[in-house]
Amino acid sequence: MKAILEFNLPEDQQDFDLAVNGAKAQVVLWDFDQWLRAQYKYMPDSEYSKDKYDTFEKCRDYLREIMSENGLKFD
């Protein structure tokens, strides 16, 4: 199976950039997801608060929720 995307440049430049940069966006989302995880998993005891912990965890859960709603996941 082959899929060919065709763009009329420069008119379709924005659509082309979105299609070509999908992998980069995936890397950004992964890095952000892992940063959020590290913030609450490795939070020093001196900086710990329940609210802070819950906020990072809630942000990570929300990131994964909106990814799922848009058919995206980390493999």
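Sequence order as written defines residue numbering, which begins from 1 separately in each chain. Only residues with pLDDT of 70 or above have their local features reported here, since the model is predicted, and side-chain atom pairs are shown and tallied only from 80 upward, although totals for entire chains, interfaces and linings are computed over all residues. Hydrogens and water are ignored here; the side-chain numbers use all heavy atoms of the structure.

One finds Leu36, Tyr40, Met43, Phe56, Leu63, Met67 and Phe74 forming the largest nonpolar core, which totals 7 residues. Those elements that provide at least two residues to this core are helix H2 (22-41) and helix H3 (50-69). Only runs of H or I of at least four residues qualify as helices and only runs of E of at least two qualify as strands under DSSP, and these elements are numbered from the N terminus. In terms of residue count, the dominant contributor to this core is H3 (3 residues). Beyond its immediate stretch of four places on either side in the chain, methionine 67 contacts Leu29, Leu72, Lys73 and Phe74. Among buried residues, the Ala, Val, Leu, Ile, Met, Phe, Trp, Tyr and Cys ones that are joined through side-chain atoms within 4.5 Å form a nonpolar core. Each residue gets one of three labels from its accessible area relative to the maximum for its type: buried under 20%, exposed over 50%, partly exposed in between, using a 1.4 Å probe on protein chains only. Contact criterion: two residues are considered in contact whenever any of their non-hydrogen atoms come within 4.5 Å of each other.

Let us now look at the packing of aromatic side chains. Centres within 6.5 Å are what make two rings of Phe, Tyr or Trp a pair, Trp counting through its six-membered ring; a difference in plane orientation under 30 degrees is then read as stacked, over 60 as edge-to-face, and the rest as tilted. By the definition in use, this model includes 6 aromatic pairs. Residues tryptophan 30 and phenylalanine 74 carry aromatic rings whose centres are separated by 5.1 Å and whose planes lie at 75° to one another, so their mutual orientation is edge-to-face. Taken together, the positions of tryptophan 30 in helix H2 and phenylalanine 74 in the segment after H3 put the pair 44 residues apart, joining distant regions of the chain. A residue is classified by how much of its surface remains accessible, and tryptophan 30, at 38% relative accessible area, is partly exposed. Measuring from ring centre to ring centre gives 5.8 Å for tryptophan 35 and phenylalanine 56, while their planes differ by 80°; the resulting arrangement is edge-to-face. Taken together, the residues tryptophan 35 in helix H2 and phenylalanine 56 in helix H3 connect sequence positions 21 residues apart.

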